[in-house]
Amino acid sequence: MRKTVFYIFLMLTAIAAVSCNRRAETGDEKEVAKVGGKVLYESDLAHLFSAGTTPEDSVLLVESYVDMWIKKQLKVREAENLFSGSTDEIDRLVEEYRNSLLTHRLEQYYVETRLDSLYDASTIEQYYTEHHGEFLLDRPIVKGAIVRVPESYRQKAELKALMAGQGEKFQDFIDTSLKNDFELHYFENWTDLSHFVAVLPSASEEDAQGIFTSREVIEITDGGDTFYVYITDRMEPGEPTPLERVTELISRVLYNQRKQEIIRNAEDSIYQAALRRMEIEINL
């Protein structure tokens with residue numbers, strides 16, 4: 001079997017594409033395997049090979065493919081014998097599946113050729129304004145910073161004061177922390193409270209709530225080091241979700257709306273064209 005398959009491989013690699021086409025057209029193509037009336041031809045194996053495939057690997061590929069093909073044909077034939085009475089039902093299911101594939105591909109074609117998936121900021125903001133009641137927070141979110149200061153640092157009070165400041169003072173806190181290579185977690189964008197407190201050595205749900213409600217810098221000591229925790233902005237559950245957190249979601253919503261609109265318009269266009277050509281007949 002291996003010698004036979006290897007021979008087949010050599011034949012395949014030696015035959016040019018033009019020659020294969022000519023043999024297929026004349027019906028003079030080499031048969032590799034046969035099960036009843038089903039035939040596997042040389043050209044059916046061409047897709048198995050790539051430029052980097054070695055002869056040894058090619059032989060294994062062919063052997064495996066031929067073996068699977070034979071078993072598949074035998075199973076199909078056995079199923080046809082066992083379920084011959086269900087032929088009509090199977091044909092109906094096959095037809096439904098074929099129609100489903102075709103219509104799905106048609107819809108994809110219309111969407112790909114007519115849909116612009118990019119939406120500018122004004123369109124997204126307009127949708128957010130009109131539907132902000134649909135984007136309510138289900139958990140607290142915050143902005144803020146957490147810094148870990150070693151016990152040896154002697155200017156803790158000054159750093160804490162800068163952290164509680166606004167504008168340039170808060171920026172000085174960031175710069176000072178980075179300059180001294182402190183462990184700094186700066187949440188400039190909205191983040192879940194649970195994610196915010198997760199960087200602390202230990203924070204229970206009660207601790208998290210205390211941090212959320214505090215308007216001051218909170219000190220937490222751990223192994224001699226001090227964590228300074230400060231929330232600059234906070235939003236509670238039930239408030240409208242900030243636009244920046246739902247921009248991608250709104251883009252997907254707009255995309256799907258436009259997609260469905262394109263499909264509906266295409267269906268209506270096809271239907272109206274068929275009516276004009278008098279290709280539709282309805283008898284109720």
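For the structure itself, consult the block above.
Residues numbered from 1 in each chain as written. Predicted model: local features only at pLDDT ≥ 70, side-chain atom pairs only at ≥ 80, totals over all residues. Heavy atoms only, no water.

Draft legend 1. Spotlight on the sheet that holds strand S5 (residues 218–222). Pairing in this open sheet of four strands is antiparallel, and the strands run S4-S3-S6-S5 from one edge to the other. Each edge of the open sheet is held by one strand with a lone partner, namely strand S4 (183–192) and S5. Pairwise comparison of adjacent strand axes, ignoring direction, gives a mean angle of 20° for this sheet. For strand S3 (residues 141–149) and strand S6 (residues 225–235), the ladder comprises nine bridges, and the chain directions are antiparallel. In the sheet register, valine 147 faces S6, and the bridge partner there is tyrosine 228. Packed onto the sheet, helix H10 (residues 243–276) meets S3 and S4 and runs at close to 60° relative to S4. (Pairing = 2+ DSSP bridges. Helix = DSSP H or I, 4+ residues; strand = E, 2+ residues; numbered from the N terminus. Axes fitted to C-alpha atoms, helices over the stretch in contact; angles between N-to-C directions. Contact = heavy atoms within 4.5 Å.)

Draft legend 2. Expanded view of the pattern of salt bridges. Under the definition given, this model contains twelve salt bridges. Note that arginine 139 and aspartate 192 form a salt bridge whose closest N and O atoms lie 3.4 Å from each other. Here aspartate 192 lies in strand S4 and arginine 139 lies in the loop between helix H5 (121–130) and S3, a separation of 53 residues in the sequence. Under the relative-accessibility criterion, arginine 139 is labelled partly exposed at 39%. Classification of aspartate 192 as buried rests on a relative accessible area of 17%. Between aspartate 222 and arginine 148 there is a salt bridge, and its shortest N-O distance comes to 3.9 Å. Linking aspartate 222 in strand S5 with arginine 148 in strand S3, this pair joins segments that are 74 residues apart in sequence. Overall, the relative accessible area of 30% leaves aspartate 222 in the partly exposed class. Residues participating in the shared-partner salt-bridge network are Asp138, Arg139, Asp192 and Arg245. (Salt bridge = Lys/Arg side-chain N within 4 Å of Asp/Glu carboxyl O. Buried < 20%, exposed > 50% of the residue type's maximum accessible area, 1.4 Å probe, protein only.)

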